[in-house]
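If you want the building blocks of each chain, they are given just below.
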Amino acid sequence: MSAPTRRLTTAQALVRFLSAQYTERDGVRRRLIAGTWGIFGHGNVAGVGQALLEAGEDVMPFHQGRNEQSMVHAAVGYARQLNRLSAQAVTTSIGPGATNLVTGAALATINRLPVLLLPGDYFATHSADPLLQQLEHPVEADVSVNDTLRPVSRYFDRITRPEALIPSALQAMRVLTDPAETGAVTLALPQDVQAEAYDWPEEFFAERVWYVRRPAPDPVELTAAVEAIRSAERPLIVAGGGVHHSEAEAALRAFVDATGIPVASTQAGKGSLRHDHPADLGGIGHTGTAVSDDLARTADLVIGVGTRYTDFTTASGTLFQNPGVRFVNLNITGFDAHKLAARTLVCDAKSGLERLLEALAGHRVSQAYEAEYRAGKEHWDEIVEAAYRADDESAVPTQTQVLGALDAAVGDEDVVINAAGSLPGDLHKLWRSRSPRQYHLEYGYSCMGYEIPAGIGVQQAAPGTPVWALVGDGTYLMMPTEIVTAVQEGLPLNIVLIQNHGYASIGGLSEETGGERFGTAYRFRAADGTFTGAPLPVDLAANAASLGMDVVRAKTVRELREALATARASDRPTCVYVETDPAPTAPPAEAWWDVPVAETASREAAVAARERYDRQVAGRRRHL
């Protein structure tokens, strides 16, 4: 007797299949693909669009977006909030709808966060050729614009026959749920194949659970790591995003409480320890705290937990200066574990920390070392207080005073989101994280425009959670479109919109590297043709209001505190708009970042910048 089948279009089958996929870790089960974002065009409206309509909201919830890139950002924010155990899909038409996915896909893959991309594609039969928006390649007829997604996807396939969906869909789920491989997954769907019917085996639609594994460390690697830790006099933990993805915060705290080893955090790892834990030293690297970077320079052992060691973390290879420094890297991926010629623990962060704790029973750093880093932490806390403090509440706030006011307004459960500009540096140095998910910085790709849609994704993942999207005027102008979505869905997203009339972060970097802030201000042209005239009369608060947000304008520190309290108490999407004093008030960088400077130049600023650069780059070392 033949196995039972169900006749559906390829798109209908895909939606049904996705609705039956689940993840499970530590006995907790979640739906893998919890919903689908979409903007419809001719390349997906009659295929995936019809399939979503026919399936209904109970089978596959649908979310209407305004920009394809921002839909991916929303899905990434959702997946990060849920520790990669649940994800969302994004469907687009062919052409610009599909290529708009590329930036979001790169962001997802760089940050190791799962998202399923379902762009439309040309006719597999080539019966209508060329289509509207189809890219024709003169020697490769199977190339489409979707091939731009190949390098930014962890898995890619073009489904040119209905039955080809079966193995590809299973591979896609495998990659999405694999903690070592996850990222953007792309299934390109030719629009004729989307609408083509096929007799699908019923077992394809059966409920399937993907277990998210927690691999333990290899015994040989564990022994070597324990020996290295026991012999170290000045060990330092660098906590990365893998601590959060693994939900290893409690395991890290237990390990630190037992051993006294201090913790410095990357942007993705901040909040791995609560800010007031005596061993939490705050951020590390170019945007790190003085205490973290001072200890990093003298550490004889660096224990990386779930970090990929970006140039901001290592200060472009200049931070770890102890001649005898060695590394132990605990990471779910061998690729990251082997960086910096480290001893490796290729395993899950939680299981690895638990095994290390057992094997290090009775081991603790010296009292002198503890006293040293605790004194450094206490001194940095005083610096944070000074940066946050506003002695004159009637004055225009500085950017760090904005953060101080927000710090006073939020609760432990609030989530603060940022990605680009000068805010990431100030936040990494100064923000006092109170819970594992409060600090949500996308700094793998540092993508302007991420914050607002990511805030929507976080609120979808954690209904009732107060969410704050912190954006400067440059970032806001990149992508404010999903404000409309927040209004449509009734999500009480809070936006703190800081107006400083240009790209403040890159303006500062330009000045440091001899670029004289060229092309970084939002101003009228002056008589000499440069953008140094009066600030542009752009009213971003009015723009936010026109998109449906409630807007509260704040001109002083006192008004800002009141506005933030109003926003947090509101059940509507609310924008707090504030113009800041441009004078820099954040502590200066405690470590270098390599941005190459012109080797030859006639302008004095660039010549001086190159002299500074040559002095700094001399301190770089390769850890072999």
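Heads up: these notes are all about the structure in this document. (Residues numbered from 1 in each chain as written. Predicted model: local features only at pLDDT ≥ 70, side-chain atom pairs only at ≥ 80, totals over all residues. Heavy atoms only, no water.)

1. Some words on the sheet that holds strand 2 (residues 21-25)
And step 1. The strand order across the open sheet formed by 3 strands is 3-2-11, and the pairing between neighbours is mixed. A single partner strand is all that each edge strand has here, and the edge strands are strand 3 (28-31) and strand 11 (208-211). Neighbour-to-neighbour, the strand axes of this sheet turn through a mean angle of 30 degrees, independent of strand direction.
And step 2. Bridge analysis of strand 2 against strand 3 gives 4 bridges, and the strand direction is antiparallel. (Pairing = 2+ DSSP bridges. Helix = DSSP H or I, 4+ residues; strand = E, 2+ residues; numbered from the N terminus. Axes fitted to C-alpha atoms, helices over the stretch in contact; angles between N-to-C directions.)

2. Structural notes on the pairing of strand 6 (residues 87-92)
One face of the sheet, then the other: side chains in a regular strand alternate in exactly this way.
And step 1. Where burial is concerned, most of strand 6 is hidden: 6 out of the 6 residues are buried.
And step 2. Burial along strand 6 is two-sided: A87, A89 and T91 and Q88, V90 and T92, pointing in opposite directions, are all buried.
And step 3. Of the pairings in the sheet, the one linking strand 4 (residues 33-38) to strand 6 comprises 4 bridges and is parallel in character. Within the sheet, the bridge partner assigned to W37 lies in strand 6 and is V90.
And step 4. One ladder, built from 4 bridges, connects strand 6 with strand 7 (residues 115-121); its direction is parallel. (Buried < 20%, exposed > 50% of the residue type's maximum accessible area, 1.4 Å probe, protein only.)

3. A short note on the pattern of salt bridges
And step 1. As enumerated under the stated definition, the model contains 37 salt bridges in all.
And step 2. Close ionic contact of E247 with R25 constitutes a salt bridge, the shortest N to O distance being 2.7 Å. Linking E247 in the loop between helix 9 (241-245) and helix 10 (249-259) with R25 in strand 2, this pair joins segments that are 222 residues apart in sequence.
And step 3. Residue classification places E247 among the partly exposed positions, given a relative accessible area of 34%.
And step 4. Notably, a salt bridge pairs R214 with D26, separated by 2.8 Å at the nearest N-O pair. Note that R214 is positioned in the loop between strand 11 and helix 8 (219-231) and D26 in the loop between strand 2 and strand 3, a separation of 188 residues in sequence.
And step 5. The network of salt bridges with shared partners includes D121, D147, R150 and R158. (Salt bridge = Lys/Arg side-chain N within 4 Å of Asp/Glu carboxyl O.)

4. Considering unusual backbone geometry
And step 1. With omega at 5 degrees, the peptide bond leading from D129 into P130 counts as cis.
And step 2. With respect to the element layout, P130 can be found in the loop between strand 7 and strand 8 (155-158).
And step 3. Of note in this structure, N83 is not a glycine but carries a positive phi near 55 degrees.
And step 4. If you trace the backbone, N83 turns up in the loop between helix 3 (68-81) and strand 6.
And step 5. A relative accessible area of 11% places N83 in the buried class.
And step 6. Backbone geometry places E247, a non-glycine residue, at a positive phi of 55 degrees.

5. With respect to the sheet that holds strand 20 (residues 467-472)
And step 1. Within the open sheet, the 6 strands sit side by side as 19-18-20-21-23-22. Their pairing is parallel. Each having just a single partner strand, strand 19 (439-441) and strand 22 (550-554) make up the two edges of the open sheet. Pairs of neighbouring strands in the sheet enclose a mean axial angle of 20 degrees, with direction left out of account.
And step 2. As judged from the 5 bridges shared by strand 20 and strand 21 (residues 494-499), these two strands associate in the parallel manner. Residue V471 lies in a different strand from strand 21, and its bridge partner there is L497.
And step 3. In the packing of helix 18 (residues 451-461) onto the sheet, the strands contacted are strand 18 (415-418), strand 19, strand 20 and strand 21, and the crossing angle to strand 20 comes to about 175 degrees. (Contact = heavy atoms within 4.5 Å.)

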